[in-house]
Amino acid sequence: MNMPADDSHWEIYVTYVDDNPAVLMVDIGIAELAPISEKPFLVWLRVDVLNPDEERFPTEEEDIRLNEIEDAVTESFAEADVRYVGRITSDGVREFYFYTADPEQFRDSVTTVMSEFPEYTFEADFAEDPEWTHYRDVLYPSPEDLQQIENQHIINRLYQAGDSLTTPRRIDHYANFKTSEDRESFISAAEALGYEAASRPDRPDATEFPYAVGLLRVDPADGETIDRITFELFDLAREHGGEYEGWGSEVITE
């Protein structure tokens, strides 16, 4: 995929869109610049998947063809004032989203590109979105989605280091709170779930959440387990007025 912008930072995550499972790929790097006033139009290309599987996602073979469409479209805008920000694959459709100052040029260019893929039904359209609301509210990951992304990064590093991920091991978790009382109530709730409070550092330089806690529990580090326990702690910390910071594990190669 053609991604020329130096400030790009692309991530992939799984969520639900309109109650359907969805895979999103989004440039989270552009968030610090958004909205870009010179690109007030949201423009999109919607492509119908030809042979979706039981979950309405493209097969591996067709995914290659859809990636060819993506490359052809992004390359057609290499010299144009268009910013590719993300895509959604869900319910038998793949949608590509961009922002631009010239939506008519986008539609004309995409129509030309799609003539090279005559087997596909598509729609190209645009809407005014000067605040980049679609990017922020639909494409950009929620805090829970960002946690899922970070989980996958850590799991990938463990796996690349030779970790089988299935062996139970000590996993350290970290959370921060506004008051020591909130921290203690969180610890009590976490202990009921089998966690142990390993540390209670105070950080007076942290303006909003100066009361930290380190928890530990023995668990496997596979993706399903990690997502389940981190989402559990994420919600628990929020219930007690705090924030879940993340987790870590040593590499287990046995």
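Notes on the structure in this doc start here. (Residues numbered from 1 in each chain as written. Predicted model: local features only at pLDDT ≥ 70, side-chain atom pairs only at ≥ 80, totals over all residues. Heavy atoms only, no water.)

Here we look at the nonpolar core
Right, so step 1: Formed by 23 residues in total, the largest nonpolar core has its most connected members in Phe-186, Val-213, Leu-215, Ile-226, Leu-233 and Trp-247.
Right, so step 2: At the level of secondary structure, the elements contributing two or more residues to this core comprise helix H4 (143-160), strand S7 (169-177), helix H5 (180-191), strand S9 (211-219), helix H6 (223-239) and strand S10 (242-249).
Right, so step 3: Of the residues forming this core, the biggest block, six residues, is contributed by H6.
Right, so step 4: Val-213 has contacts with His-173, Tyr-174, Ala-175, Phe-177, Arg-183, Phe-186, Ile-187, Ala-197, Ser-199 and Pro-201, leaving out every residue within four places of it along the chain.
Right, so step 5: Core analysis: the second largest hydrophobic core is formed by 22 residues, Met-25, Leu-66, Tyr-84 and Phe-106 among them. (Core = buried A, V, L, I, M, F, W, Y, C linked by side-chain atoms within 4.5 Å. Buried < 20%, exposed > 50% of the residue type's maximum accessible area, 1.4 Å probe, protein only. Helix = DSSP H or I, 4+ residues; strand = E, 2+ residues; numbered from the N terminus. Contact = heavy atoms within 4.5 Å.)

Looking at the pattern of salt bridges
Right, so step 1: Under the counting rule described, the total for this entry stands at 21 salt bridges.
Right, so step 2: A salt bridge links Arg-56 to Asp-91, with the nearest nitrogen and oxygen atoms 3.4 Å apart. Taken together, the residues Arg-56 in the loop between strand S3 (41-48) and helix H1 (60-76) and Asp-91 in the loop between strand S4 (82-90) and strand S5 (93-100) connect sequence positions 35 residues apart.
Right, so step 3: Between Arg-238 and Asp-235 there is a salt bridge, and its shortest N-O distance comes to 3.2 Å. One end of the pair, Arg-238, and the other, Asp-235, are both in helix H6, three residues apart, so they sit about a helical turn from each other.
Right, so step 4: Given the relative accessible area of 44%, Arg-238 is considered partly exposed.
Right, so step 5: The partly exposed category is assigned to Asp-235, whose relative accessible area is 34%.
Right, so step 6: A single network of salt bridges, built from pairs that share partners, joins Arg-183, Glu-184, Arg-200 and Asp-202. (Salt bridge = Lys/Arg side-chain N within 4 Å of Asp/Glu carboxyl O.)

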